[in-house]
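Analysis of the macromolecular model
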Amino acid sequence: QFVFDLPNDVDLISPMVGLLMQVISGMELISGSELVRMGVAIEHALVNAMYRGNLELGPSVTPAHRALVYDGATTDLIDKRKSSDPYQTRRVSVDATASKHEIRVIVRDQGKGVDTSSVPGPEDPKVLDTESGQGLVLMASFTDELVYNDIGNEVTLIKKIAG
């Protein structure tokens, strides 16, 4: 089990996901494309927690996911939110547990939450036309179970281990 308490620093996402994937791989729980998919799901959960949750910024005012995580993209609005109250003190909590039965990663932000009833499903054709919602669809597609809390500021990603 790993527990992390992260500030809104996108530079921490890749190393944390890398560490979790290294542990999961070392435990020989999943491998290959399943391992990559789980890493992508966790990465999207963290970006959502930091930008959509803690900073309360929608996809229309933020750079694309890939640009945020891998290119260090930012905007004046992102920089302003990261340095002003109440956003600057908000944290992302990650609780990751791996066992021979399942991998469970809980990601919680300190934002207001979202209405999870409006989360698009993989079958929703509109999700392919825009970046909005694609991360949520990937998270649902790449895990066996995706559970939101009632407030909508916590998501649990569950990957069952076959065998």
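To keep things clear, this report deals only with the structure shown in the data block.

The rules we used
- Residues numbered from 1 in each chain as written.
- Predicted model: local features only at pLDDT ≥ 70, side-chain atom pairs only at ≥ 80, totals over all residues.
- Heavy atoms only, no water.
- Helix = DSSP H or I, 4+ residues; strand = E, 2+ residues; numbered from the N terminus.
- Rg over C-alpha atoms; globule rule 2.2 N^0.38 Å.
- Buried < 20%, exposed > 50% of the residue type's maximum accessible area, 1.4 Å probe, protein only.
- Contact = heavy atoms within 4.5 Å.
- Phe/Tyr/Trp six-rings, centres within 6.5 Å; stacked < 30°, edge-to-face > 60°.

What to know about the overall build of the chain
Counting its secondary structure elements, the chain contains five helices and five strands. Listed by position from the N terminus, the elements making up the chain come as β-α-α-α-α-β-β-α-β-β. The globule rule puts the C-alpha radius of gyration for 163 residues at 15 Å, and the 15 Å found for the chain is close to it. By principal-axis analysis of the C-alpha atoms, the chain measures approximately 50 × 35 × 30 Å. Counting over 163 residues, the chain shows a buried share of 40%. Put simply, of all contacts in the chain between residues at least 6 apart along the chain, 60% involve residues at least 24 apart.

Focus on the packing of aromatic side chains
Considering all chains together, one arrives at one aromatic pair under this definition. Seen from their ring centres, Phe2 and Phe4 are 6.1 Å apart, and the 5° between their planes marks the pair as stacked. Taking relative accessible area as the criterion, Phe4 reaches 17% and is therefore assigned buried.

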